[in-house]
Amino acid sequence: MKTISIREAQHNLAKILHEVERGTSFQVMRRKVPVARLLPISVEGKEGIKVDWGGHAARMARIWPEGPREVVDAALDDLRGSR
């Protein structure tokens, strides 16, 4: 794993992301203290990521008790498509 400063990450983000896509990992440091990691996502992981929509309506009801859940649910269904 390579180590970079926040400034390096800010100034060279595109280059760093290309390296991450090729499999390199980076640890981002602030004043010699690690604050973040940039890790590649495996090819298998990209296709295998699934979103758990179970309990969505219940969560929406807790957040917005009087909200228009039907409208939001319909919009999400449209966006999800065949997922």
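Note that this is a predicted model, so its numbers are computed, not measured.

This part takes up the overall build of the protein chain. In terms of regular secondary structure, the protein chain is built from five helices and three strands. Helices and strands appear in the protein chain in the N-to-C order β-α-α-β-β-α-α-α. When each of the 83 residues of the protein chain is scored for burial, the buried share is 17%. Counting only contacts in the protein chain whose residues sit at least 6 apart along the sequence, the fraction spanning at least 24 positions is 26%. A total accessible area of about 7,000 Å² is found for the protein chain, and carbon and sulfur atoms account for 55% of it.

On average, residues of the protein chain carry a pLDDT of 83, and 84% of them reach 70 or more. The secondary structure element of the protein chain with the lowest average pLDDT is helix α3 (residues 43-48), at 55, and the one with the highest is strand β1 (residues 2-5), at 96.

With that settled, consider the pattern of salt bridges. Per the stated rule, a full pass over the model turns up two salt bridges. For Lys2, the salt bridge is made with Glu19, and the minimal N-O distance between the two is 3.1 Å. Taken together, the residues span a long stretch of sequence, with Lys2 in strand β1 and Glu19 in helix α2 (residues 13-21) at a distance of 17 residues. Judged by its relative accessible area of 15%, Glu19 falls in the buried class. Arg80 is paired through a salt bridge with Asp77; the nearest N and O atoms lie 2.8 Å apart. Remark: Asp77 and Arg80 occur in helix α5 (residues 69-80); sequence separation between them is three residues, near one turn of the helix.

The next point concerns the pairing of strand β3 (residues 33-38). Bridge count between strand β2 (residues 26-30) and β3: five bridges; the pairing is antiparallel. Each residue of the ladder has a partner; that of Arg30, found in β3, is Val33. Between β2 and β3, which pair antiparallel one after the other, the connecting turn spans two residues, and Arg31 there sits at a positive phi close to 50°.

Most of the time, phi is negative for any residue but glycine, and the peptide bond is trans. With a phi close to 50°, Arg31 is a non-glycine residue in the positive phi region. Mapped onto the elements of the fold, Arg31 is located in the loop between β2 and β3. Phi is positive for Lys32, which is not a glycine, with a value near 70°. As for its position among the elements, Lys32 is in the loop between β2 and β3. Since its relative accessible area comes to 79%, Lys32 is described here as exposed.

Parameters at a glance
- Residues numbered from 1 in each chain as written.
- Predicted model: local features only at pLDDT ≥ 70, side-chain atom pairs only at ≥ 80, totals over all residues.
- Heavy atoms only, no water.
- Helix = DSSP H or I, 4+ residues; strand = E, 2+ residues; numbered from the N terminus.
- Buried < 20%, exposed > 50% of the residue type's maximum accessible area, 1.4 Å probe, protein only.
- Contact = heavy atoms within 4.5 Å.
- Areas by Shrake-Rupley, 256 points an atom, 1.4 Å probe, with all protein chains shown as cover.
- pLDDT = per-residue confidence, 0-100.
- Salt bridge = Lys/Arg side-chain N within 4 Å of Asp/Glu carboxyl O.
- Pairing = 2+ DSSP bridges.

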